[in-house]
Amino acid sequence: MKRTLRSARDLAAAGLVTPARAAEITPVEARYSVAVTPAMAALIAAGAEDVAAQYLPDPAELVTAPHELDDPTADAPFTPIKGVVHRYPDRALLKPLLACPVYCRFCFRREAVGADGGLLTEAELEAALDWFARTPAVREVILTGGDPLILSPRRFAHILARLSAIPHVELLRIHSRVPVAEPSRVTPELLAALTLETPLYLCVHANAAAEFTPEAGAALRALHGAGLVLLGQSVLLRGVNDTEAALEALFRTMLRHRVKPYYLHQLDPAPGTARFHVPEAEGLALLARLRGRVTGLSWPAYVREWPEGGGKYPLGMPAMQPGAGHPRRSG
Ligand SMILES: *Cc1c(COP(=O)(O)O)cnc(C)c1O
Ligand code: SF4
């Protein structure tokens, strides 16, 4: 498998779905983009169900539950200029494009990503960069999208150079799926673009331990070597990582790759994603069972997004018994 699979037909030709299943999921691709990279297709072909569930379309996506919203994060009112979201005083998002290397079936921005790629024009990008230059309250620029690491290294280097030249920009952060989903994009050219004086945090989105292939491991090692601080973000997903064993394996695998788990997101109610929903109480109980038994370095903040633009909110832990998680002394 050499190229990204982009349709039910491609998936059937690669043997990832049967022809009958391909016929069932074809209507989904008219509404939501499909993309499975060679790296992820290889895992699915080898039987990784927790990877298949994240990327293979399902007819259930065409059914919108009553509580599901087109724009669950409600970013629109916080958009001072195209491509920028400024919700919190000291940091703002820059979304240079709305395309991704893979399309997650549970994506919270699924109504916006894919399709035409949403690439900012030269003029729009320059206007967005100018907005950062004249907004001194913003100390941190968070590059997201879509996935900024699929921009050409040349274009990406230009954006990073412009941002790191702004005196009040103290931190840069990238949110990306690339290091695990398409590690072949982590080339010497990209690494050169990412080597900066300004501290650069890379928040890697991964939901299952299986996503950390040897190629992903090499890409993460190289990124760490280039001076990036690596963080992990995951979404709690039914059928992917909704067990104690799966979460423990995910967090331990991240840490072995020098990736510090940062966020575990409660699923946002985007249309057609109900099959992935795990109730908050269940998520809290899962985390409580890991606490104490698994290194504290693995501990992410478990967060949800309030609807209608309320922002992120950390979900609390139920009170624990003193010593919970430690083996009981007997005798
Ligand atoms: C999540 C998010 C951020 C980053 O928040 P942190 O808590 O710093 O990770 C910034 N802006 C928006 C709009 C966000 O949704
Ligand atoms: S990588 Fe992120 S933005 Fe892209 S499809 Fe997946 S969840 Fe959505």
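So, how was this worked out
Residues numbered from 1 in each chain as written. Chains lettered and ligands numbered in written order. Predicted model: local features only at pLDDT ≥ 70, side-chain atom pairs only at ≥ 80, totals over all residues. Pairing = 2+ DSSP bridges. Helix = DSSP H or I, 4+ residues; strand = E, 2+ residues; numbered from the N terminus. Axes fitted to C-alpha atoms, helices over the stretch in contact; angles between N-to-C directions. Near = placed C-beta within 6 Å. Nonpolar A, V, L, I, M, F, W, Y, C, P; charged D, E, K, R; others polar. Expected span 1.5 Å × (residues − 1). Buried ≥ 20, exposed ≤ 12 C-beta atoms within 10 Å, placed from the backbone. Arc of directions from axis to C-beta. Contact = placed C-beta atoms within 7 Å. Core = buried A, V, L, I, M, F, W, Y, C linked by C-beta atoms within 7 Å. pLDDT = per-residue confidence, 0-100. Left-handed = near helix turned anticlockwise from the far one by under 90°.

An unreviewed UniProt entry lists the protein chain under the name Lysine 2,3-aminomutase, with Roseococcus suduntuyensis given as the organism.

Asker: Looking at this model, I keep getting lost on the sheet that holds strand S6 (residues 229–235). Mind explaining?
Answerer: For sheets, the rule is that strands pair by backbone hydrogen bonds, running either parallel or antiparallel. Taken together, 9 strands build an open sheet; the order of strands is S1-S2-S3-S4-S5-S6-S7-S8-S9 and the sheet is mixed. Here the strands that pair on one side only, and so sit at the sheet edges, are strand S1 (84–88) and strand S9 (311–314). Neighbour to neighbour, the strand axes of the sheet diverge by 25° on average, direction disregarded. Bridge count between strand S3 (residues 140–143) and strand S4 (residues 171–176): 4 bridges; the pairing is parallel. The residue bridging Leu 143 from the neighbouring strand is Ile 174, located in S4.

Asker: Can you help me understand the site of ligand 1 in this one?
Answerer: Every residue near ligand 1 is listed here: Thr 73, Asp 75, Val 85, Arg 87, Tyr 88, Arg 91, Leu 93, Ile 142 and Lys 312. Breaking the shell around ligand 1 down by element, the ones donating at least two residues are S1 and strand S2 (91–94). With 3 residues, the single largest contributor to the shell around ligand 1 is S1. A per-class count over the shell around ligand 1 returns 4 nonpolar, 1 polar and 4 charged.

Asker: How do you make sense of helix H6 (residues 153–164) when you look at a structure like this?
Answerer: Residues spaced three or four apart along an α-helix point in a common direction, a consequence of the helix completing one turn every 3.6 residues. Over its 12 residues, H6 extends 16 Å from the first C-alpha to the last, a length consistent with the 16 Å expected when each residue adds 1.5 Å. Turning to H6, its buried residues are Phe 156, Ile 159 and Leu 160. Looking straight down H6, one finds that the buried residues subtend no more than 95° of arc, so they occupy a single side. Seen from the open side of H6, the exposed residues pointing more than 90 degrees away from its buried face are Arg 154 and Ala 161. Turning to H6, the residues buried within the fold contact S4 and helix H8 (188–194).

Asker: For this particular structure, what's the right way to read the site of ligand 2?
Answerer: All residues in the neighbourhood of ligand 2 are listed as Cys 100, Tyr 103, Cys 104, Cys 107, Arg 109, Val 113, Gly 146, Asp 147, Arg 177 and His 205. Along the lines of polarity and charge, the residues of the shell around ligand 2 split into 5 nonpolar, 2 polar and 3 charged.

Asker: Looking at this structure, how should I read the nonpolar core?
Answerer: Nonpolar side chains tend toward joint burial in soluble globular proteins. Ranked by size, the top nonpolar core spans 89 residues in total, and within it Val 36, Met 40, Val 51, Tyr 55, Val 102, Tyr 103 and Val 141 carry the most contacts. For this core, the element with the most residues is helix H3 (residues 38–45), which contributes 5 residues. When sequence neighbours within four positions are dropped, the list of residues in contact with Tyr 103 reads Tyr 32, Ser 33, Val 34, Ala 35, Val 113 and Gly 114.

Asker: Honestly, the confidence of the model for the protein chain in this entry has me stumped. Any pointers?
Answerer: Regions with low pLDDT carry predicted coordinates that are not meant to be interpreted in detail. The predicted model of the protein chain has a mean per-residue pLDDT of 94, with 95% of residues at 70 or higher. Throughout residues 325–331 the model reports pLDDT below 50, and contacts reaching past four residues in sequence, or to other chains, amount to 4 contacts.

Asker: Whenever I open this one, unusual backbone geometry confuses me. Can you help?
Answerer: Peptide bonds are mostly trans, and most non-glycine residues show a negative phi. A cis amide bond links Gly 145 with the next residue in sequence, Gly 146, at an omega value of 15°. With respect to the helices and strands, the residue Gly 146 is situated in the loop between S3 and H6. One non-glycine residue, Arg 258, adopts positive backbone phi at about 65°. Residue position: Arg 258 is located in the loop between helix H10 (244–256) and strand S7 (260–265).

Asker: Looking at this model, I keep getting lost on the packing of H10 against helix H11 (residues 280–290). Mind explaining?
Answerer: The description of two packed helices rests on the angle between their axes and on the distance between the axes. The geometry of H10 relative to H11 is characterised by a closest axis approach of 10 Å and an angle of 60° between their N-to-C directions. Where H10 crosses over H11, the two elements pack in a sense that is right-handed. Two secondary-structure elements touch here, H10 through Glu 244, Leu 247 and Glu 248 and H11 through Leu 286, Arg 289 and Leu 290. A per-class count over the contact of H10 with H11 returns 3 nonpolar, no polar and 3 charged.

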